[in-house]
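A look at the structure
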Amino acid sequence: MPLSYVDAIAAVTATAPYAYYAELVAASLLQDKENGIWLAASAAAVEAVLAEPLCRVRPVHEPVPKALQGSDAGTIFRHLVRMNDGAGHCPFKQAIAHTLQSVNAEHIAQRVGQHARQLAAELYSPVDYAWLDQFALQMPVYGMASALGVPEADLPEVAVLMQDFVACLAAGSSALQLEQGKQAAARLLALFRRLLEQASADYTASSPSLLFTLAQQAALLGRVDADVIVANAIGFMSQAYEATAALIANTLHVLACNETVRRQVAADPAFLHGCIAEVLRWDAPVQNTRRFAAEDCRVLGHTVRAGDTVLVVLAAANRDPAWNPQADVFDPRRRQRRCFSFGSGVHLCPGQQWAAQMAHAAISQLCGMPLDFSRLAKARSFRASANIRMRLYAGT
Ligand code: HEM
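One structure accompanies this document, and this report is about it. Within any chain, residue numbers begin from 1 and follow the written order of that chain's sequence. Since the coordinates come from a predicted model, pLDDT governs what is reported: local features require at least 70, and pairs of side-chain atoms require 80 or more to be given and counted, while whole-chain, interface and lining totals use all residues. Side-chain figures throughout are based on the complete set of non-hydrogen atoms in the structure, without hydrogens or water.

1. A closer look at the pairing of strand 4 (residues 289–293)
Taking burial as the measure, the five residues of strand 4 include four buried ones, the bulk of the element. Of the pairings in the sheet, the one linking strand 3 (residues 55–56) to strand 4 comprises two bridges and is antiparallel in character. Bridged to Arg56 within strand 4 is Phe292. Partly exposed residues are those whose accessible area sits between 20% and 50% of the maximum for their type, while under 20% is buried and over 50% is exposed, using a 1.4 Å probe and protein chains only. Under the scheme used here, helices are H or I runs from DSSP no shorter than 4 residues and strands are E runs no shorter than 2 residues, and both carry numbers assigned from the N terminus. For two strands to be treated as a pair, DSSP must find at least two bridges joining them.

Set out below in structure tokens:
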């Protein structure tokens, strides 16, 4: 059977996608003849596409998806560095990277650990493990929102708004999801514009919020457009949301299925860091991303034509044996792990430390709770998505 775009999207939420991905890796870079979409899957192909300046994060003629144009959701989308190349990307990306690096790992761990404890206490149920899905999804929003300066009392509402906002960004979202997402975007913009005004007046803060730091970093670059700052602050939450939730859920599943790894984590909590890094590579939360050719370009000897779409299969490249020996083996002690799960090149994710610390806090919390791991090991379903692989525990 020919390797197709449709199968590559289905693989994201398939029970066992990695044999299919191995075929894609062997093919390296190919074009689906049905629809003209390119599939880049070997490590060399993924690296080359993500390094190609003519392969952009958005189609040239549609910087904002049609369904979002003219709405508050479109306003946020339009300003995200993630969705821009050129002047809309750099140097603001630097402001973002500096902001996220301004908090050290210990401080992040302490802060998100508190949220993990509170959320677990609020949501826990021994009967229905659906609470674990909610825990994984809410943790990243609580962690990022409170670090951005959202008052504790507003965190539950922001978690709901984020759920609605992210749902409307997905290609193929329903009319209702679009409407709810746009309303959520309006409320998020209003909240963050207010917070930015307050943060700007708060020069004496000893432990500044990420929003305040981002505004300071933006000012250093001469960028004081409030909407750019606010949109990217909201982007911290939307980008952290499903990806970090999936990292939490997928790590939990590895622990549930592997008693030896569980024992090692119990004996040495630091071992969990290696486990999380290996889950990122071995069962990537973000399985693919996309690029759109702005002009004809050559990638690994192929001509990608202006207007072509490239599906960049990060999860397949992570298992390329040319980059990671014994790539299918789950090894938390792996040396020189090479991983595309946070992307590569100019759009490399600046939130890696936050993602890893939030996942660590969440899993440490769960490991201290009375969970039936044999039940969790039976989890077979995934959250519906074309790019996020997040295992669900409802119904286990
Ligand atoms: C497990 C969790 C996460 C994963 C797997 C992940 C993955 C990624 C990937 C693959 C990209 C690059 C997309 C592309 O090049 O097409 C990216 C970009 C980005 N991520 Fe993350 N991310 C995670 C968590 C976070 C967190 C916690 C934050 C914020 C605190 C964050 C902020 C961003 C931003 C701002 C970008 C855009 C960077 C740019 O365009 O230059 N991410 N992320």
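2. Considering the coordination of the iron atom of the ligand
There is one protein donor for the iron atom of the ligand, namely Cys349 (SG), at 2.4 Å. Relative to the assigned elements, Cys349 resides in the loop between helix 14 (314–317) and helix 15 (352–367). Coordinating N, O and S atoms are those within 2.8 Å of the metal (3.2 Å for Na, K and Ca), and as water is not part of the atoms, a site may appear to have fewer donors than expected.

3. Details of the pattern of salt bridges
Just to be clear on terms, a salt bridge is a Lys or Arg side-chain nitrogen sitting within 4 Å of an Asp or Glu carboxyl oxygen. One pass over the full model with this rule turns up 11 salt bridges. One salt bridge in this structure joins Glu62 and Lys66, with 3.7 Å as the shortest N-O distance. We note a salt bridge from Glu242 to Arg383, for which the minimum N-O separation is 2.9 Å. Note that Glu242 is positioned in helix 11 (residues 226–257) and Arg383 in the segment after helix 16 (373–376), a separation of 141 residues in sequence. Overall, the relative accessible area of 22% leaves Arg383 in the partly exposed class. What you see here is one network of salt bridges that share partners, running through Glu278, Arg281, Arg334 and Arg337.

4. A few points about the sheet that holds strand 7 (residues 309–312)
If you trace the five strands from one edge of the open sheet to the other, you get 1-2-7-4-3, paired in mixed fashion. Of all the strands in the sheet, just strand 1 (29–31) and strand 3 have a single pairing partner and so form its edges. Sheet analysis places strand 1 next to strand 2 (residues 38–40), joined by three bridges and oriented antiparallel. Each bridged residue has a counterpart across the sheet, and for Leu30 the counterpart in strand 2 is Leu39. We call two residues contacting when some pair of their heavy atoms lies within 4.5 Å. Convention adopted: a line fitted to C-alpha atoms gives each axis, helices being fitted over their contacting stretch, and angles between N-to-C directions are expressed from 0 to 180 degrees. Against the sheet, helix 3 (residues 43–51) engages strand 1, strand 2, strand 3, strand 4 and strand 7, with an angle of about 130° to strand 7.

5. Describing the nonpolar core
Counting 123 residues, the largest nonpolar core has Met139, Phe165, Phe192, Ile234 and Met237 as the members making the most contacts within it. Among the elements that take part in this core, helix 11 stands out by supplying 20 residues, more than any other. Setting aside its immediate chain neighbours within four residues, Ile234 contacts Ile76, Met162, Phe165, Leu188, Leu189 and Phe192. Each nonpolar core is a collection of buried residues, namely Ala, Val, Leu, Ile, Met, Phe, Trp, Tyr and Cys, held together in the definition by side-chain atoms within 4.5 Å. Core analysis: the next-biggest nonpolar cluster, separate from the first, contains 20 residues, Tyr5, Ala8, Tyr20 and Ala41 among them.

6. A short note on the site of the ligand
In the region of the ligand, 27 residues are neighbours, and His89, Lys93, Thr289, His347 and Cys349 sit closest. Two N or O atoms form a polar contact when they lie within 3.5 Å of each other; inside protein one atom must be a possible hydrogen donor and the other a possible acceptor, and for residues adjacent in sequence the pair counts only when both atoms belong to side chains. One of the side-chain N or O atoms of His89 is found 2.7 Å from an oxygen atom in the ligand. Within the side chain of Thr289, an N or O atom sits 2.6 Å from an oxygen atom of the ligand. Of all the secondary structure elements, the ones that give two or more residues to the shell around the ligand are helix 5 (92–101), helix 11, strand 4 and helix 15. Proximity is defined per residue: any heavy atom of the residue falling within 4 Å of a molecule or strand makes that residue near it.

7. Focus: unusual backbone geometry
In this structure, the amide linkage connecting Cys90 to the following residue, Pro91, adopts the cis form with an omega of 10°. As for its placement among the helices and strands, Pro91 is situated in the loop between helix 4 (72–79) and helix 5. Its identity is not glycine, yet Ser28 carries a phi of approximately 70°, on the positive side.

8. Structural notes on the side chain of Asp164
Here Asp164 is to be found in helix 8 (residues 155–169). Within the buried core, Asp164 has no salt-bridge partner, and the shortest N-O distance to an opposite charge, that of Arg187, equals 6.9 Å. Setting aside residues up to four positions removed in sequence, Asp164 forms contacts with Gln177, Gln180, Gly181 and Ala184. When charges are counted, neither His nor the chain ends are considered; positive counts come from Lys and Arg and negative counts from Asp and Glu.

9. Details of the environment of Ala26
With respect to the helices and strands, the residue Ala26 is situated in helix 2 (residues 18–27). Note: C-alpha distance between Ala26 and Ser42 (16 residues apart in sequence) is 6.9 Å.

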